[in-house]
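Descriptive analysis of the structure
Next come the chains, spelled out residue by residue.
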Amino acid sequence: MSEQAAAGKLAAQADDAGGVLTKLIITALALGIAPLSSYFLSRDYLWAGNTIYAALTAIFAANLVLVLYIVGAVREESRLRAREKQQSESKKDR
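These figures come from a predicted structure and were not determined experimentally.

1. Description of the pattern of salt bridges
- Inspection of every chain in the model, using the stated rule, returns three salt bridges.
- Glu76 serves as the salt-bridge partner of Lys23, at 3.0 Å between the closest nitrogen and oxygen. Of this pair, Lys23 sits in helix H1 (residues 2-46) while Glu76 sits in helix H2 (residues 51-93), and the two are 53 residues apart along the sequence.
- By relative accessible area, Lys23 is classed as partly exposed at 28%.
- On the accessibility criterion, Glu76 (14% relative accessible area) is buried.
- Glu77 is paired through a salt bridge with Arg81; the nearest N and O atoms lie 3.4 Å apart. Taken as a pair, Glu77 and Arg81 lie in helix H2 at a separation of four residues, close to a single helical turn.

2. Concerning the environment of Ser42
- Position of Ser42 relative to the elements: it lies in helix H1.
- The exposure class of Ser42 is buried, given its relative accessible area of 5%.
- For the pair Ser42 and Ala54, spaced 12 residues apart in the sequence, the C-alpha separation amounts to 5.5 Å.

3. Things to note about the packing of aromatic side chains
- Inspection of every chain in the model, using the stated rule, returns two aromatic pairs.
- Where Tyr39 meets Phe40, the ring centres are 5.0 Å apart and the plane angle is 85 degrees; that geometry is what we call edge-to-face.
- Phe40 sits in the partly exposed class, given a relative accessible area of 39%.
- Their ring planes at 50 degrees and their centres at 5.1 Å tell us that Trp47 and Tyr53 sit as a pair that is tilted.
- By relative accessible area, which is 34% here, Trp47 ends up partly exposed.

Conventions used here
- Residues numbered from 1 in each chain as written.
- Predicted model: local features only at pLDDT ≥ 70, side-chain atom pairs only at ≥ 80, totals over all residues.
- Heavy atoms only, no water.
- Salt bridge = Lys/Arg side-chain N within 4 Å of Asp/Glu carboxyl O.
- Helix = DSSP H or I, 4+ residues; strand = E, 2+ residues; numbered from the N terminus.
- Buried < 20%, exposed > 50% of the residue type's maximum accessible area, 1.4 Å probe, protein only.
- Phe/Tyr/Trp six-rings, centres within 6.5 Å; stacked < 30°, edge-to-face > 60°.

Structure, rendered in structure tokens:
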């Protein structure tokens, strides 16, 4: 019985790892694309050629991507802990 539980837990971890890798790849692409595009777009259309303000806009975009990644990671961690807690409580009821 414990072998089946271990196999199920391993399969769940493998599914979570695939989601984490996908999120990491998307974040890496966003971290490369968002600051560059925000720099050039804001320089040309928002700040009328002022490169300092455009650079500040790009810095803001990069920090926004990082904050969103961290918030997503914290939410995922709390979701995983809640799932483990729920599973342990259901085992206690048996």
